[in-house]
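Tertiary structure, described
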Amino acid sequence: MMAAVVVLDPIFEADLQPEQYAYRRGRSALDAVRHVHKLINTGHQEIVDADLAKYFDLLPHSELLKSVARRVVDGAMLHLIKMWLKAPAEETDDRGKKHRNTRNRDEGRGSPQGSPISPLLSNLYMRRFVLGWKKLGHEKRLGAYIVNYADDLVICCRGKAEEALATMRVMMTKLKLTVNETKTRVAKLPEEKFDFLGYSFGRCYSPKTGRAYLGTVPAKKRVIRICQAISSETGRNRTLLDHQTVVTKLNQMMNGWANYFCLGPVSKAYRAVDRHARKRLRQWLCAKHKVAWPGTKKFPETSLQSKFGLVRLPERTHSCSWAKS
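Residues numbered from 1 in each chain as written. Predicted model: local features only at pLDDT ≥ 70, side-chain atom pairs only at ≥ 80, totals over all residues. Heavy atoms only, no water.

1. Describing the overall build of the chain
Counted only if it meets this: Each helix is a run of H or I in the DSSP string that is no shorter than four residues. Each strand is a run of E no shorter than two, and both are numbered from the N terminus. Here the term buried applies to any residue with accessible area under 20% of the maximum for its type, exposed to any over 50%, and partly exposed to those in between, with areas from a 1.4 Å probe on protein chains only. The criterion used for residue contact is that any of the two residues' heavy atoms lie within 4.5 Å. Using a 1.4 Å probe, the Shrake-Rupley method yields the accessible areas, and only the shown protein chains count as cover for residues. In this tally, Asp and Glu contribute negative charge and Lys and Arg positive charge; neither His nor the terminal groups of the chain are included. To locate a charge, take atom NZ for lysine, CZ for arginine, CG for aspartate or CD for glutamate.
In terms of helices and strands, the chain carries 13 helices and nine strands. On the principal axes, the C-alpha backbone points of the chain span a range of 70 × 55 × 35 Å. Sorting the 325 residues of the chain into buried and exposed places 47% on the buried side. Across the chain, the fraction of contacts at a sequence separation of at least 24, relative to all contacts at a separation of at least 6, is 67%. With an accessible surface of roughly 17,000 Å², the chain has 52% of that area assigned to carbon and sulfur atoms. Here the chain holds 58 positive side-chain charges and 31 negative ones, and the gap between their average locations is 6 Å.

So this is what it looks like as structure tokens:
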């Protein structure tokens, strides 16, 4: 399958729209975040925060294959893609029993999750919406610009966001996709905020001048998620491991998280994650060495970095691009 992707990817890359950022060489989620940041700071402050329900599971095979056939005329390749779309998936239930799921074949919908070709096909089908939005004149008429990453998308408007939302609903219905109404809304900046690709967009304040501006911060949900992951890696069930193994894992997690969350004022989020990691590591050390909590004499604050090697996220702030720490 990978061989087919290598052949097909450059063919369809030429067709994908500049507003699409997922699974493409030279583009990333951070580029999409930067694009939205630029739009909200150039007057596009009414946002359609859209959520598509089960996008990958609902891709209609017939329409998707038509999109593929626009560029691919080889019958054998088209047949192969069709077979991939219909291939049953092996799933494991709550009891650990494996079974074959044939829903994609039975319903004529869905792209197999985890398949190397699935990202390409999902981009190709989303192209229909992005291109249609422009060709039908909605972008120009409503002053409404799409930014898309896989099944995540926002529409940044100068106004008329409610009309843009209604238009988007109609188009998605024609594309046989489902808008998740409970998670889709219009957010009006600067009074409101919205989340996109792990960042919260809205009013921020400069810590030096107190001046308000429109910017980004790591979303609260993402801070909670990394803290939960740190807690999981420092549980009592990990006390048989040596400290080097645990700290190495924590550093990998925290550095990876900070590498992504490097835009905007990040210091508050970094401090929260850093505090949690230091607390959890000390708890783990106390449990491992049977030392009474809080164990500050045996494991003083400075030793967590100097002796055990735990990374300090606040020290990274100065190297963040566009960061107002």
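Let us keep going from here.
2. A few points about the nonpolar core
Operational definition: As used here, the term nonpolar core means buried Ala, Val, Leu, Ile, Met, Phe, Trp, Tyr and Cys residues forming a set that is joined through side-chain atoms within 4.5 Å.
Ranked by internal contacts, the top residues of the largest apolar core, which has 49 residues, are V36, F194, F196, W257 and V273. Listing elements by their share of this core, those giving two or more residues are α2 (29-40), β5 (152-157), β7 (194-196), β8 (199-205), α10 (220-233), α11 (243-260) and α12 (267-289). Ranked by the residues each element gives to this core, the list is headed by α12, at eight residues. Among all residues touching F196, those that are not within four sequence positions of it are A32, V33, V36, V147, D152, L153, V154 and F201. If you look at the next biggest cluster of nonpolar residues, it comprises 45 residues, including A4, L52, L85 and A150.

3. Some remarks on the pairing of β8
The test is simple: Two strands qualify as a pair provided that DSSP identifies no fewer than 2 bridges between them.
Of all seven residues in β8, five are buried, a share of seventy percent or more. Across three bridges, the pairing between β7 and β8 is antiparallel. The partner of F196 across the bridge, within β8, is Y199. Hairpin geometry of β7 and β8 is characterised by an intervening segment of two residues between the two adjacent antiparallel strands and by a positive phi of about 55° at L197.

4. As for the packing of α10 against α12
Condition: Helix axes are fitted to C-alpha atoms over the stretch in contact, other axes to C-alpha atoms as well, and angles between N-to-C directions run from 0 to 180 degrees. For classification purposes, an angle smaller than 35 degrees is called roughly parallel, one larger than 145 roughly antiparallel, one from 65 to 115 roughly perpendicular, and anything else oblique. Definitions for this section: a left-handed crossing has its near helix turned counterclockwise from the far helix by less than a right angle. A right-handed crossing has that turn clockwise. As a working rule, the residues Ala, Val, Leu, Ile, Met, Phe, Trp, Tyr, Cys and Pro are called nonpolar, Asp, Glu, Lys and Arg charged, and the rest polar, with Gly in that last group.
Remark: α10 packs on α12, axes separated minimally by 10 Å, with the N-to-C direction vectors making an angle of 15°. Taken together, the axes of α10 and α12 are roughly parallel relative to one another. Between α10 and α12 lies a crossing of right-handed hand. Every residue of α12 that contacts α10 at V223, I226, C227, I230 and S231 is listed here: A269, A272, V273, H276, A277 and R280. When the residues that make up the contact of α10 with α12 are grouped by side-chain class, the tally is eight nonpolar, two polar and one charged.

5. Focus: a positive patch on the surface
Filter applied, for reference: Patches here are clusters of residues that have more than 30% relative accessible area and form no salt bridge, with a 9 Å joining cutoff for like charges and a 5 Å cutoff for nonpolar side chains (Val, Leu, Ile, Met, Phe, Trp, Tyr). Here a salt bridge means any side-chain nitrogen of Lys or Arg lying within 4 Å of a carboxyl oxygen belonging to Asp or Glu.
On the surface, K193, K220, K268, R271 and R275 cluster together into a patch of positive charge. Among the elements that make up the positive patch, the one with the highest residue count is α12 (three residues). Tracing the sequence through the fold places K220 in helix α10.

6. Let's talk about the sheet that holds strand β6 (residues 185-188)
Taken together, the four strands give an open sheet; going across it, the order is β4-β5-β1-β6, and neighbouring strands pair in antiparallel fashion. Of all strands in the sheet, those bounded by a partner on one side alone are β4 (144-149) and β6. Each strand of the sheet is rotated relative to its neighbour by a mean of 20°, with strand direction disregarded. Where helix α7 (residues 118-135) meets the sheet, it contacts β4 and β5, and its direction lies at approximately 165° from that of β4.

7. Things to note about the packing of aromatic side chains
The cut-off we apply is this: Stacked, tilted and edge-to-face are the three classes assigned to paired rings of Phe, Tyr and Trp, where Trp is represented by its six-membered ring and a pair needs centres within 6.5 Å; plane angles under 30 degrees give stacked, over 60 edge-to-face, the rest tilted.
A complete count under the given rule lists 10 aromatic pairs for this structure. Measuring from centroid to centroid gives 5.6 Å for Y55 and F56, while their planes differ by 75°, and the two rings are edge-to-face. Exposure remark for Y55: the relative accessible area of 1% places this residue in the buried category. The class for F56 is buried, based on a relative accessible area of 11%. Aromatic side chains Y199 and F261 sit 5.2 Å apart centroid to centroid with 45° between the ring planes, which places their arrangement in the tilted category. Taken together, the positions of Y199 in strand β8 and F261 in the loop between α11 and α12 put the pair 62 residues apart, joining distant regions of the chain.

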